[in-house]
Amino acid sequence: MSEVSTLSNFLRMSGYGAYVWSSYALALVVLVSNLWAARRRLREEIVRTRRRAQVQQQERAS
Amino acid sequence: MWLWFHKLGSPPHAYRLAERLRPWFLWPALVLMAVGLYGGLVLAPPDYQQKDAFRIIYVHAPSGSMSLMIYVVMAVCAAIGVIWRIKLAHAVAAACAPIGASFAALTLATGSIWGKPMWGTWWEWDPRLTSELIQLFLYLGYMALRASFDDPQRADRASAILAIVGIVNVPIVRYSVVWWNSLHQAPSVSKLAAPSISGSMLWPLLLMVLGFGLYFAAVLCDRVRSEILRRERNASWLAESLTHA
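From a predicted model like this one, the values you see are computed outputs, not experimental measurements.

A closer look at the overall build of chain B
Right, so step 1: Across its full length, chain B holds nine helices and zero strands.
Right, so step 2: The secondary structure elements of chain B, listed N-terminal to C-terminal, are α-α-α-α-α-α-α-α-α.
Right, so step 3: Computed over the C-alpha atoms, the radius of gyration of chain B is 20 Å, within 12% of the 18 Å expected from 2.2 N^0.38 for a compact globule of 245 residues.
Right, so step 4: Expressed along its principal axes, the backbone C-alpha trace of chain B runs to roughly 65 × 35 × 30 Å.
Right, so step 5: Out of the 245 residues in chain B, the part that is buried amounts to 40%.
Right, so step 6: A separation of at least 24 residues holds for 76% of the contacts in chain B among residues at least 6 apart in sequence.

Structure follows, in structure tokens:
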């Protein structure tokens, strides 16, 4: 019982829960999406560069 | 020294260095943020005036300081690129912009959420808030300007000028709360001799700032590599290092 009320107190943030948690949620979204977007772009560029290199090799071979 | 400088400026070397350094930035960043969050959300006592609402500071302030620090990195790299004509410096500057923009937006959003219960308004045309909004527009303007050129070299030079001129806004944001009578609270950390914040509230904040900084470095590593790939498409070293990896 007391553990549950401690947790709910923590989540309430003395009545500012909605403000505090929405701020933290936004921060999480920004941090995760920055990492994700940078990785995805890098992977795309690597695939593109590899493809280009292969085409160049084939051209040289033929 | 000069040899080292040249090596660092060479795209193949920088590409591999960024690849190797990334985990050394990312994992310490995540650990620092996790400890900082625990300290900020659980261990730090509630503020005597703002109660638990003050805890927004642990994401708002690090994000705000990042929005300025990243701009300084971007403008310095742009200046190096223009003065010494180093392509890699332009690549780093270009890689900084989207990360900085996201932090400026996060600063404004979390500040707005904090302002609502504390000041009773989401937005006020206050010096700090207005100058931070300009900071966001500088990032967006820089990115838009880059995107408007087809020729990467012209994009580099034009956007570098904007980045260098725009740096005047950084001290304006930084000292706006000191120079003008702002609604925003004055800085409580940077008075190094005597920070007006208690230790139990301060150390999680410092860990978060450090964590955000390392996190930025980790994301920058990936973005710089993308920029190098985009610029060096036809270079032979690229084909070799990518087909063997």
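Quick word on the interface of chain A and chain B
Right, so step 1: Facing 25 residues of chain A, the contacting portion of chain B comprises 31 residues.
Right, so step 2: When the residues that make up the side of chain A that touches chain B are grouped by side-chain class, the tally is 14 nonpolar, six polar and five charged.

A few points about the packing of helix 4 (residues 87-119) of chain B against helix 5 (residues 127-147) of chain B
Residues and elements named next belong to chain B.
Right, so step 1: One can describe the packing of helix 4 onto helix 5 by two numbers: an axis separation of 9 Å at closest approach and a directional angle of 150 degrees. With respect to each other, helix 4 and helix 5 are oriented roughly antiparallel. Handedness of the crossing formed by helix 4 with helix 5: left-handed. Residue-level inspection shows Ala 94, Ala 97, Pro 98, Gly 100, Ala 101, Ala 104, Ala 105, Thr 107, Leu 108 and Gly 111 of helix 4 in contact with helix 5, the latter providing Leu 129, Glu 132, Leu 133, Gln 135, Leu 136, Tyr 139, Leu 140, Tyr 142, Met 143 and Arg 146.
Right, so step 2: Broken down by class, the residue content of the contact of helix 4 with helix 5 amounts to 14 nonpolar, four polar and two charged.

Things to note about the nonpolar core
Right, so step 1: Counting 72 residues, the largest nonpolar core has Ile 56, Met 74, Val 92, Ala 93, Cys 96 and Val 224 of chain B as its most contacted members.
Right, so step 2: Of all the secondary structure elements, the ones that give two or more residues to this core are helix 2 (17-61) of chain A together with helix 2 (11-43), helix 3 (57-84), helix 4, helix 5, helix 6 (152-166) and helix 8 (199-231) of chain B.
Right, so step 3: Residue contributions to this core peak at 19 residues, all from helix 4 of chain B.
Right, so step 4: The contact partners of Met 74 of chain B, leaving out residues within four places of it in the chain, are Ala 93, Cys 96, Ala 97, Gly 100 and Ala 163 of chain B.

Some details on the confidence of the model for chain B
Right, so step 1: Per-chain confidence: chain B averages 90 in pLDDT, with 91% of residues scoring 70 or above.
Right, so step 2: With a pTM of 0.91, the predicted complex shows an ipTM of 0.89.

Considering the packing of helix 5 of chain B against helix 7 (residues 169-179) of chain B
Helices that pack against each other are described as a pair by the angle of their axes relative to one another and the distance between those axes.
Residue and element names in this part refer to chain B.
Right, so step 1: At a minimum axis separation of 8 Å, helix 5 and helix 7 run at an interaxial angle of 160 degrees. Between helix 5 and helix 7, the angle falls in the class roughly antiparallel. In the packing of helix 5 onto helix 7, the handedness of the crossing is left-handed. For the pair helix 5 and helix 7, contact is made by Pro 127, Arg 128, Ser 131, Glu 132, Ile 134, Gln 135 and Leu 138 and by Asn 169, Ile 172, Val 173, Ser 176 and Val 177, respectively.
Right, so step 2: Its residues assigned to classes, the contact of helix 5 with helix 7 shows six nonpolar, four polar and two charged.

Conventions adopted
Residues numbered from 1 in each chain as written. Chains lettered and ligands numbered in written order. Predicted model: local features only at pLDDT ≥ 70, side-chain atom pairs only at ≥ 80, totals over all residues. Helix = DSSP H or I, 4+ residues; strand = E, 2+ residues; numbered from the N terminus. Rg over C-alpha atoms; globule rule 2.2 N^0.38 Å. Buried ≥ 20, exposed ≤ 12 C-beta atoms within 10 Å, placed from the backbone. Contact = placed C-beta atoms within 7 Å. Nonpolar A, V, L, I, M, F, W, Y, C, P; charged D, E, K, R; others polar. Axes fitted to C-alpha atoms, helices over the stretch in contact; angles between N-to-C directions. Parallel < 35°, antiparallel > 145°, perpendicular 65-115°, else oblique. Left-handed = near helix turned anticlockwise from the far one by under 90°. Core = buried A, V, L, I, M, F, W, Y, C linked by C-beta atoms within 7 Å. pLDDT = per-residue confidence, 0-100.

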